[in-house]
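Observations on chain architecture
Okay, here's what each chain looks like letter by letter:
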Amino acid sequence: MEALAHLLHDTLNAGTVLAFAALGMLINERSGVVNLGAEGMMLVAAIAGFATGVHTGSDWLAFAAGAGAGALLAAAFGVLVIWLNTNQYATGLALSLFGAGFSAFAGIKYTQQKLSERPHFEIAGLADIPLVGPALFKQHPMVYVAIALTIALAWFLYRSRAGLVLRAVGESPESAHALGYPVRRIRLLAVVIGGALCGVSGAYLSVVYTPLWVEGMVAGKGWIALALTTFATWRPARVLLGAYLFGGVTMLELFLQNQGVEVASQFLSMLPYLATIVVLVLISRNAAFIRINMPASIGKPFFPGS
Amino acid sequence: MTRISKRSIIKAAGWGSLAALAALAGCGKKEEAAPATAASAASEPAAAASAAAPGKLKVAFAYVGPVGDGGWTYAHDNGRKMLEKELGDKIETSFVEKVPEAADAERVFRDMIGQGNKLIFGTTFGYMEPMLKVAADAKDVKFEHATGYKGADNMRTYDSRTYEGAYMAGVIAGGMTKTNTLGVVGSIPIPEVIRNIDSFTLGAQSVNPKIKTKVVWVNEWFNPPKETEAAQSLINGGADVLMQNTDSPAVLQTAEKAGKYAFGWDSDMTAYGPKAHLASSVINWGPYYIKATKEALDGSWKAGPDTWWGVKEGAIDLVSISDKVPAELKDKLEKVKAGLKDGSLVIWKGPIVGSDGKEILAKDAAADDKFMKGITFYVKGVEGKVPSGDKK
């Protein structure tokens, strides 16, 4: 039973890293823009956050720095693809490569550094409940922020006027334009927010999850987040579920190995990907549902006045 | 009017995007190259020039990781710097980092030859096939390949006995554990890594026969978040001293956070977790690089036999031992080290029993190198099964 509590605790923690980036990409893609640069933005944010953490000792400033770094890169990407209409996929890939190189360069003098001791977080009172307490209430605050963000985002998309406008821009930018909405500025805003959330994810990784800086440390999490968004059919709750599922199966895989279960570890390493895809495809297998949720103009450039 | 302006906008956008893309890509490349030049320029300005001074032997290194990985590649680059220091007036070294273990490696090797390098070191297992291919075409160039098993007339293999470092770490781990449970984060289940896990366990059992070792494989050499998760899962399972055969300091860092112990691997990793760090098992490639280069310089270089250096030759050591390790354990370690140095201590000597209870080495039978390069089983005390199955 105690093992189960550990498993749940680590699952929520692992899912949080993915959740921020995937929710960011969701906002981004709901506006009709695909940014394949998630990995690069996360890397730059990871070093920005880590460096800030080293110098200031504050997690919150580190997250802010990560968000800022992600937003800055995303803004550059946004100007390129929204105003200059460069190919979104090529520009996103370029951003990913740039981020990998730039973060390595910026991080040279941080490779041997260490963050100062961090306090352990817990919610007083609730954390003492046996089993459930340590699993659910001894988490970093960002774990709860991710859940709150998911709820807020779902409300925003489906219950608020601004969310409706965002979806309209992703569905049919021409119509939104005809109604007088500033399509390009809305898209840029969505891209920048998406970058900022990727940045939070990168900083969480280097400051809380694996508190160190080594080159390339994001190790593909940005790509997983991108895939997650698509497989979750751009629905916030499903994105969060997918993130927890991926984290959970990863932890389960390691847990099973730890228990000496005789399954090839190569097979187990494949499981998180397989399980996440299977589950998300199953819950979204309704074709009409996918059509309704997929931003119809995703990846397409928009020329106002054409 | 509108048509013209629209067209010009599209045109401008096209050029703009091209320029921007080029700028982005260019930046990426430049920044990636920057650490390399910065690192080499700082330590040996002479090497920065690409045109060879006449009469100087050009030596090139291909690295699989970034020099800043703080582990495997970092150790190789320290070896290169040592070589540069020792023979700097006769040679000129250069390196290419982050060369993937794939078709790209061949291109890099051919490029190195094109730049006039006459001695090339490839520092990871996966370069073996591309190197063989290139070696067949460039007979006047000498090739050195790390950790492989295939050679040619102008290509030979070198390696270091990392398992001796694992054994010494095991001695400390066996004395420091309170739960009698050790944990290893394994990378990829190949003989080299399995041998290290076994040797770590044997070392621990030499001071504490009750030791059990848990192993979790991540099936990658470098993935810090997953290494963290694996380490966390071992700690949850009761392990209180960890070792890893992966390339990043993430495991040590996780132990630091959880208040457990761990070791540095390949390079000295004290800085990453001063409280958790018990010692670092390091590889010193310098002596071999100096020897091989000297042979190439005086013409005595010849292919084979393979080199496999350990504590005896100064290639393997356990360094930066923590103050938390009690004096008697340190004495014990010194004895082990001395034994490995003079050859009186043989790690892989019977009786050794496999995890299935069957005897692997009879009493006093010592394993030869061929046996050790084919270890695909766990010794007694290691829990679970080797993932790839029992192919013996």
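Scroll up for the structure.
First, a word on what this report is: a plain description of the structure on this page. (Residues numbered from 1 in each chain as written. Chains lettered and ligands numbered in written order. Predicted model: local features only at pLDDT ≥ 70, side-chain atom pairs only at ≥ 80, totals over all residues.)

1. Section: the overall build of chain A
A tally of regular secondary structure across chain A gives 13 helices and zero strands. Secondary structure elements of chain A occur, N-terminal to C-terminal, as α-α-α-α-α-α-α-α-α-α-α-α-α. A globule of 306 residues ought to have a C-alpha radius of gyration of about 19 Å, and chain A, at 20 Å, matches this closely. For chain A, the spread of C-alpha atoms along the three principal axes comes to 60 × 50 × 40 Å. Residues counted as buried form 56% of the 306 residues belonging to chain A. Partitioning the intrachain contacts of chain A with sequence separation of at least 6 by distance along the chain shows that 80% fall at a separation of at least 24. (Helix = DSSP H or I, 4+ residues; strand = E, 2+ residues; numbered from the N terminus. Rg over C-alpha atoms; globule rule 2.2 N^0.38 Å. Buried ≥ 20, exposed ≤ 12 C-beta atoms within 10 Å, placed from the backbone. Contact = placed C-beta atoms within 7 Å.)

2. Points about the pairing of strand S12 (residues 316-319) of chain B
All names here are of chain B. Going residue by residue along S12, you find Ile316 and Leu318 tucked away on one face and Asp317 and Val319 left uncovered on the opposite face. In this sheet, S12 lies alongside strand S10 (residues 277-283) in antiparallel orientation, the contact comprising four bridges. Looking across to S12, one finds that Ser281 is bridged to Leu318. (Pairing = 2+ DSSP bridges.)

3. Concerning the sheet that holds strand S6 (residues 181-186) of chain B
All names here are of chain B. In space, the six strands of this open sheet follow the order S7-S6-S8-S9-S10-S12, with mixed pairing throughout. Each end of this open sheet is capped by a strand with a single partner; those strands are strand S7 (212-217) and S12. Between one strand axis and the next, the sheet turns by 20 degrees as a mean value, whatever way the strands run. Note that strand S8 (residues 241-244) and strand S9 (residues 261-266) share two bridges and pair parallel. Bridge pairing links Leu242 to Ala262 in S9. Seen against the sheet, helix H5 (residues 162-176) touches S6, S8, S9, S10 and S12 and runs at an angle of roughly 170 degrees to S10. Set on the sheet, helix H6 (residues 191-207) makes contact with S6, S7 and S8; between it and S6 the angle comes to about 165 degrees. (Axes fitted to C-alpha atoms, helices over the stretch in contact; angles between N-to-C directions.)

4. Section: the interface of chain B and chain A
Of the residues lining the interface, 46 residues belong to chain B; the matching set on chain A comes to 44 residues. Elements supplying a minimum of two residues to the side of chain B that touches chain A: helix H1 (2-43), S7, helix H7 (224-236) and helix H8 (250-258) of chain B. For the side of chain B that touches chain A, the leading source of residues is H1(B), giving 15 residues. Looking at the side of chain B that touches chain A, its residues break down into 21 nonpolar, 15 polar and ten charged. (Nonpolar A, V, L, I, M, F, W, Y, C, P; charged D, E, K, R; others polar.)

5. Structural notes on helix H1 (residues 2-30) of chain A
Residue and element names in this part refer to chain A. The end-to-end C-alpha separation of H1 is 41 Å, in line with the 42 Å expected for 29 residues at 1.5 Å each. Taken as a whole, H1 carries its principal kink of about 30 degrees at Thr16. The element H1 is largely enclosed, with a buried count of 22 among its 29 residues. Among the residues trailing H1, Gly32 stands out with phi positive, at a value near 95 degrees. (Expected span 1.5 Å × (residues − 1). Bend = angle between axes of the 7 residues up to and from the residue.)

6. A look at the nonpolar core
Residues A:Ala22, A:Ala46, A:Tyr204 and B:Ala262 are the most contacted members of the largest nonpolar core, which totals 196 residues. In terms of residue count, helix H9 (residues 183-209) of chain A provides more of this core than any other element does, 17 residues in total. Built from parts of two domains, this core gets at least three residues from each of domain 1 (53-160) and domain 2 (162-283 + 313-372) of chain B. When near neighbours in sequence (up to four residues on either side) are disregarded, B:Ala262 contacts B:Val241, B:Leu242, B:Met243, B:Val251, B:Leu252, B:Ala255, B:Gly273, B:Ala276, B:His277 and B:Leu278. (Core = buried A, V, L, I, M, F, W, Y, C linked by C-beta atoms within 7 Å. Domains from an automatic or database assignment.)

7. Focus: the sheet that holds strand S11 (residues 307-309) of chain B
All names here are of chain B. The six strands lie next to each other as S2-S1-S3-S4-S5-S11, forming an open sheet whose pairing is parallel. Both outer strands of the open sheet, strand S2 (91-96) and S11, are each paired with one neighbouring strand and no more. Put simply, the sheet's adjacent strands are angled 20 degrees from each other on average, direction ignored. Helix H2 (residues 72-87) rests against strand S1 (57-62) and S2 of the sheet, and its axis sits at about 165 degrees to S2. Where helix H4 (residues 128-137) meets the sheet, it contacts strand S3 (119-122), strand S4 (142-146) and strand S5 (155-160), and its direction lies at approximately 170 degrees from that of S4.

8. Digging into unusual backbone geometry
Residue and element names in this part refer to chain B. Residue Gly350 is joined to Pro351 through a cis peptide bond whose omega torsion reads 0 degrees. Within the secondary structure, Pro351 sits in the loop between helix H10 (327-342) and strand S13 (352-353). Although it is not a glycine, Asn180 adopts a positive phi angle of roughly 60 degrees. By the element assignment, Asn180 lies in the loop between H5 and S6. Of note in this structure, Ser320 is not a glycine but carries a positive phi near 50 degrees. Note on placement: Ser320 falls in the loop between S12 and H10. Its 17 C-beta neighbours within 10 Å are what place Ser320 among the partly exposed residues.

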